[in-house]
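Examination of the molecular architecture
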Amino acid sequence: MRRLATFVLTCIAWTAGWVTLASAGLAQTSVIGAVSTPGTPAAQSATLTANSTLVLVPALVRNKAGELVFTLKADDFALTDDGVSQKLTLEQDTGDEPLALVVDIEGGGAGADELEKYRALAPMLESVVGGEPHRVAVVGFDSSPVLVQDFTPDIDVAAGAIQALIDDDSGDGKASILDSLGFSLDLLRNQPSQYRRAILLVCETKDRDSKLKLDDALREISDSNTSVYSIGFSSGVSDLKHDSAKALGDPTPGPAHGCMSRDANDPNVNLKENPAEQAYDCLSLLAPPLGLAKAAIIAIFDGLQQNIPETVARLTGGEYYKLGSEKSLERALQSISNHIPNRYVLSFQPQSPHAGFHAIQLGVPGYVGLKVSARNGYWVESEAPPVVSTSAPR
């Protein structure tokens, strides 16, 4: 952070040992989970690799009235991974596990004008984390993220850090949302593997000046067992677009000037009139995902350019709320505190998963009128040492 030395606050993203995603044209589905030994560092278990065998899929189920449904069994759900049906297992007793939460708040850009509305956050933080063991960290950002408060079990200390961010209005005009998300995910990777991981993100809809590319952001978000709960507000008409060309940069392998180059004289570039179609071709150079995964990635990239907090929340199996008044923030926090411990956590073991992004779809085909919220994808890294486990981390 440049001007906002230690205090900045607006994007709350939170990652809870699972993730849910709803992206354009795809059912909302949540996943992510690596196999690890309980108590091993999270850095060793936060990434799903070809050597890992367990994918976690947290899911929230509501009826037409918006009421939570608790009576479903594993056989009531149907899930596909890149179009292939998977056998699901329902994990038991997930609601009382400890929680590692990062409160990630924007204090620069349009966030500086919204800080007064966040005053409900500090006093409601205890209800959000619930009565189970927890650790809370606070991150503020404008043009760069800053760790305002490292992980602490003391809610009063964390709430004080949030209040200090609200009181400090010295942020610059930037909102590097993707950089702050990457920073928060790195913090969570260092937490014990038995902790659920979540990010509470409060920020505007558009990124302003992040250094993290969209494809790298997608990898980081998708290969971590973290759920993001977002509260977003409009960035205004003068948004700076984080477009596909900037997002993809110069991927390897690929053309010398990057596959999103607009140089028609470059023989290595398959120039398309529609940048989204060109991005589709570029993604095949990053990793060879199947057709469904490719379509999902394009939808995610488009969503990240339109509304980052909403897209990230749905990508990870969390939820998105619009910030209106201070009262609307209170209602959003109450919903989050109710939904976090009441999710189904499903799991499956994919057979020989390919490296790259996997598109998943989760539903309850035997029930009419039920809405399932869950992540719609996960990322598999091609290289990582196998980690053996006797139980699944949350």
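These lines cover the structure that appears in this document, whether it is placed above or below. Since we're looking at a predicted model, the values are computed, not measured. (Residues numbered from 1 in each chain as written. Predicted model: local features only at pLDDT ≥ 70, side-chain atom pairs only at ≥ 80, totals over all residues. Heavy atoms only, no water.)

Remarks on the sheet that holds strand β3 (residues 84-86)
Which entries qualify depends on this criterion: Here, any two strands with at least 2 DSSP bridges between them count as paired. Runs of H or I in DSSP of at least four residues are treated as helices and runs of E of at least two as strands, each being numbered from the N terminus. Every angle, taken between N-to-C directions, lies between 0 and 180 degrees, and every axis is a line fitted to C-alpha atoms, over only the stretch in contact when it is a helix. Any two residues whose heavy atoms approach within 4.5 Å at even a single point are treated as in contact.
Read across the sheet, 4 strands follow the order β3-β2-β12-β14 without closing on themselves; strand pairing throughout is antiparallel. Either end of the sheet is taken by a strand with one partner, and the two such strands are β3 and β14 (377-380). On average, each strand axis in the sheet is tilted by 30° relative to the strand beside it, whichever way the strands run. Across the sheet, helix α4 (residues 214-222) touches β12 (356-363) and β14, and the angle it forms with β14 is around 100°.

Concerning the packing of helix α1 (residues 121-129) against helix α2 (residues 155-167)
Heads up, the rule is: Note on angle classes: values under 35 degrees are labelled roughly parallel, values over 145 roughly antiparallel, values of 65 to 115 roughly perpendicular, and the remainder oblique. A crossing counts as left-handed when the near helix is turned anticlockwise from the far one by less than a right angle, and as right-handed when that turn is clockwise.
Taken N-terminus to C-terminus, the directions of α1 and α2 make an angle of 140°; their axes are 8 Å apart at the nearest point. Classified by the angle between their axes, α1 and α2 sit oblique to one another. Where α1 crosses over α2, the two elements pack in a sense that is right-handed. Residues L121, A122, L125, E126 and V129 of α1 form the contact with α2, whose participating residues are I155, A158, A159, I162 and Q163.

Describing the packing of aromatic side chains
Quick reminder of the rule: Here a pair means two rings of Phe, Tyr or Trp (six-membered ring of Trp) with centres within 6.5 Å. Their orientation is stacked below 30 degrees between planes, edge-to-face above 60, and tilted elsewhere.
For the structure shown, the criterion picks out 3 aromatic pairs. Between F348 and Y378 the ring centres are 6.3 Å apart and the planes differ by 70°, which places this aromatic pair in the edge-to-face class. Linking F348 in strand β11 (residues 344-348) with Y378 in strand β14, this pair joins segments that are 30 residues apart in sequence. When the ring of F357 is compared with that of W379, the centres are 6.4 Å apart and the planes differ by 55°; the resulting orientation is tilted. Of this pair, F357 sits in strand β12 while W379 is found in strand β14, placing the two residues 22 residues apart along the sequence.

Section: the pattern of salt bridges
Convention followed: In what follows, salt bridge is the name for a side-chain nitrogen of Lys or Arg lying within 4 Å of a carboxyl oxygen of Asp or Glu.
By the definition in use, this model includes 12 salt bridges. For R62, the salt bridge is made with E319, and the minimal N-O distance between the two is 3.3 Å. Placement of R62 in strand β1 (residues 55-62) and of E319 in the loop between α8 (308-315) and β10 (320-322) is noted, with a sequence separation of 257 residues between them. Across the pair R189 and E220 runs a salt bridge whose closest N-O atoms are separated by 4.0 Å. Residue R189 is located in helix α3 (residues 177-189), and its partner E220 is located in helix α4; the two are separated by 31 residues in the primary sequence.

Considering unusual backbone geometry
Defined as follows: Between buried and exposed lies partly exposed: a residue is buried under 20% and exposed over 50% of the maximum accessible area for its type, with that area taken using a 1.4 Å probe on protein chains only.
A positive phi angle, close to 50°, is found at D82, a residue other than glycine. The residue D82 is located in the loop between β2 (78-81) and β3 in this model. Look at D82 and you get buried, because its relative accessible area is 9%. Even without being a glycine, D209 presents a positive backbone phi close to 80°. For D209, a relative accessible area of 25% puts it in the partly exposed group.

Functional significance is not addressed by these values, which are geometric in nature.
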